[in-house]
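# Residue-level structure breakdown
The primary structure of each chain is shown beneath.
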Amino acid sequence: MTSSGPPKGLGPLAKREMRFAYLLLLPTFAIVLSVVLFPLIANLWISFKPVTLGDLRAPSMLVNERLMGDIVAEGDKATLRYRVRNSSRKGDIADVTMTDTLPASLNVLSFDERCTIDGTALTCVLGDYEARKREDILIEVAATEAFISTPENVKSSKPVFEFVPENVLTNNDFTLDNFRQLFKASDFWPVLWASLYYTIAGTVGALIVGLFAAQLMNLAFRGRSFLRGLFLSPYVAPVIAVALAWVLLLDPGPGGTLNALLMQLGVVEGPINFLGRRDIEISLMGLSFKFPVALTVVIIFEIWRYFPLAMLFILARMQSVSTDIYEAAEIDGATPLQQFRFISLPQLAGIMAVLFLLRFIWTFNKFDDIFLLTGGAAGTRTLTVNVYEQAFAVSNLGAGAAVAVVVFIILLMFSVIFFKFSPEDDA
């Protein structure tokens with residue numbers, strides 16, 4: 001008896017089902033492309049464009065219409081002037097055409113050779129307008145008796161333009177200057193170091209505090225439910241509210257609670273500007289180094305605010321571990337520390353790795369916490385704060401997009417390395 005083996009290809013029915021399945025997934029693919037990929041591609045595109053915030057306003061044609069000359073009697077001559085200009089200082093405008101309706105009570109004597117007049121309809125084909133270009137379109141007219149008796153306002157009919165403006169985002173002008181200026185800037189490497197220090201310390205700190213909080217919440221004691229809700233309050237509270245509370249708490253003025261407490265205890269002689277002092281000189285065992293004060297305070301805020309998220313994930317994983325393992329270890333004489341080291345930690349390695357990845361990405365992209373606490377001053381300027389300052393404070397969208405591309409590349413490299421070496425969950 002011989003075995004025919006697995007089929008070498010899909011049958012007609014299976015192929016139809018596969019095509020139908022892909023058809024059903026098309027809306028999902030479209031949503032992913034539009035929500036995820038399109039902003040990334042757009043940001044990468046802008047990073048190679050010499051575009052500022054003001055360049056987003058497309059060039060347009062502006063005109064000032066005026067009748068020049070004194071008309072007091074029939075036959076008096078005057079000049080109808082259209083002062084036309086390109087509103088942009090950088091962008092060009094192509095194929096400009098202006099149309100207007102002339103007063104019927106004025107006789108046209110002469111006009112610009114680029115214009116044509118059909119009755120009272122004026123049409124001027126003006127061609128291309130370079131940046132900042134301006135000129136006057138002059139039409140010589142003479143007054144009739146009807147104009148003298150009932151003067152008409154030449155501005156009653158507004159000129160209408162048709163043109164093709166240059167779009168700095170879609171033209172063929174590309175540059176690497178945004179990246180050159182970014183890497184040549186004297187503050188790039190300090191900002192990168194601050195970003196890494198803030199991200200790694202904040203992520204590791206939140207995981208460690210969340211781990212011990214989850215270990216505590218995994219025990220049975222009276223009031224555990226209330227304490228769990230209390231631990232979640234930093235994470236669920238509005239960030240602007242908790243940031244304001246921390247600013248008031250750390251205020252170096254008379255209203256600062258922490259400074260007042262430290263001075264009353266004799267720990268410090270004067271108030272410390274925790275959120276405004278860049279660093280402090282510390283000597284330890286004959287070695288002298290600078291300790292970043294403001295950046296460390298921001299990291300402590302990050303740990304305090306986001307350890308509840310780590311606690312929730314770790315606690316859920318702890319409660320899924322069978323208690324029989326701990327009972328067997330206790331019978332064998334294992335201490336609580338040994339149980340934690342040889343049983344709990346291996347069981348938690350997978351979820352801790354996932355949490356580290358998520359918190360690293362979220363913290364590296366964090367902007368609002370730093371901006372609300374320090375505004376990026378006193379050595380707390382990270383790459384994400386630099387994106388905001390370049391794009392909006394300096395109005396250089398191309399430079400801001402270049403910084404965002406660097407952030408994306410760093411996170412992509414970290415994710416690849418993480419997935420290559422991360423431990424797997426044993427559940």
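Computed from a predicted structure; not experimentally measured. (Residues numbered from 1 in each chain as written. Predicted model: local features only at pLDDT ≥ 70, side-chain atom pairs only at ≥ 80, totals over all residues. Heavy atoms only, no water.)

## Examining the overall build of the chain
Filter applied, for reference: Secondary structure follows DSSP: runs of H or I at least 4 residues long count as helices, runs of E at least 2 residues long count as strands, and numbering of each begins at the N terminus. Note that the radius of gyration is over C-alpha atoms, with the globule rule given as 2.2 Å times the number of residues to the power 0.38. For each residue, the accessible area found with a 1.4 Å probe, counting protein chains only, is set against the maximum for its type, and the residue is called buried under 20%, exposed over 50%, and partly exposed in between. Using a 1.4 Å probe, accessible areas were evaluated by the Shrake-Rupley method; residue-level cover was limited to the displayed protein chains. Just so you know, the count uses Lys and Arg for positive and Asp and Glu for negative, and it drops His and the chain ends. One atom stands in for each charge, and that atom is NZ of Lys, CZ of Arg, CG of Asp or CD of Glu.
Scanning the chain for helices and strands turns up 13 helices and ten strands. The C-alpha atoms of the chain give a radius of gyration of 35 Å, which is well past the 22 Å a tight globule of 427 residues would have. Considering only C-alpha atoms, the chain reaches an extent of 120 × 95 × 45 Å along its principal axes. In the chain, which comprises 427 residues, the share counted as buried stands at 35%. Per element, the accessible surface of the chain, about 25700 Å² overall, is 64% carbon and sulfur. Of the side chains in the chain, 34 bear a positive and 39 a negative charge, and the two mean positions are spaced by 7 Å.

## Here's the deal with the state of the cysteines
In protein chemistry, a disulfide is the covalent bond that joins the sulfur atoms of two cysteines. Operational definition: Any two cysteine sulfur atoms within 2.5 Å of one another count as a disulfide.
Applying the stated criterion across every chain, the model contains one disulfide. Cys115 shares a disulfide with Cys124; S-S distance 2.0 Å. Between Cys115 and Cys124, the S-S dihedral sits near 105°, and the bridge is therefore right-handed. Each member of the pair, Cys115 as well as Cys124, is classed as buried.

## Overview of unusual backbone geometry
Only a minority of non-glycine residues have a phi that is not negative, and only a minority of peptide bonds are not trans. For Asp95, which is not a glycine, the phi torsion comes out positive at approximately 55°. The residue Asp95 is located in strand 3 (residues 93–101) in this model. When its relative accessible area of 52% is taken as the criterion, Asp95 is described as exposed. One non-glycine residue, Ala378, lies in the positive phi region at around 55°. Within the secondary structure, Ala378 sits in the loop between helix 11 (368–373) and helix 12 (383–393).

## Regarding the packing of helix 4 (residues 188–217) against helix 5 (residues 224–236)
To keep it simple, the criterion reads: Angles run from 0 to 180 degrees between N-to-C directions of axes, and those axes are lines fitted to C-alpha atoms, restricted for helices to the stretch in contact. An angle below 35 degrees is treated as roughly parallel, one above 145 as roughly antiparallel, one from 65 to 115 as roughly perpendicular, and anything else as oblique. Handedness of a crossing is defined here by the sense of rotation of the near helix relative to the far one, left-handed for an anticlockwise turn of less than a right angle and right-handed for a clockwise turn. Note on contacts: a residue pair is in contact if any heavy atoms of the two residues lie within 4.5 Å. Residue polarity follows a fixed list, in which Ala, Val, Leu, Ile, Met, Phe, Trp, Tyr, Cys and Pro are nonpolar, Asp, Glu, Lys and Arg are charged, and the others, Gly among them, are polar.
Two elements in contact, helix 4 and helix 5, have axes whose closest approach is 11 Å; the angle formed by their N-to-C orientations is 160°. The pairing of helix 4 with helix 5 is recorded here as roughly antiparallel in orientation. In this structure, the crossing between helix 4 and helix 5 has a hand that is left-handed. Along the contact surface, helix 4 presents Ala213, Leu216 and Met217, while helix 5 presents Arg224, Leu227, Arg228 and Phe231. Of the residues belonging to the contact of helix 4 with helix 5, the class tally is five nonpolar, no polar and two charged.

## Focus on the domain arrangement of the chain
How we decide: How far each domain reaches was decided by an automatic or database domain assignment.
Domain parsing of the chain yields domain 1 (62–165) and domain 2 (178–421). The gap between the C-alpha centroids of domain 1 and domain 2 is 65 Å.

## Quick notes on the pattern of salt bridges
When the charged atoms of two side chains with opposite charge come close together, those side chains can pair. For clarity, the cut-off: The term salt bridge refers to a side-chain nitrogen of Lys or Arg lying within 4 Å of a carboxyl oxygen of Asp or Glu.
Going through the model one piece at a time under the given rule, you end up with eight salt bridges. In this structure, Arg180 and Asp177 form a salt bridge, with 2.7 Å as the shortest nitrogen-oxygen distance. Taken together, the residues span about one helical turn, with Arg180 and Asp177 both in helix 3 (residues 177–184) at a distance of three residues. Accessibility expressed as a relative area gives 42% for Arg180, which makes it partly exposed. Two residues, Arg381 and Glu389, come together in a salt bridge whose shortest N-O distance is 3.4 Å. Given a relative accessible area of 18%, Arg381 falls into the buried group. A single salt-bridge network, built from bridges that share partners, covers Asp112, Arg114 and Glu135.

## Regarding the sheet that holds strand 5 (residues 115–118)
Note the cut-off: Strands were regarded as paired on the criterion that DSSP finds at least two bridges between them.
With respect to topology, four strands assemble into an open sheet ordered 5-6-3-8, the strand pairing being antiparallel. The open sheet terminates on both sides in strands that have one partner only, identified here as strand 5 and strand 8 (160–165). On average, adjacent strands in this sheet sit at an angle of 15° to one another, irrespective of strand direction. Both strand 3 and strand 6 (residues 121–129) contribute to a ladder of seven bridges, which runs antiparallel. Bridge pairing links Thr97 to Val125 in strand 6.

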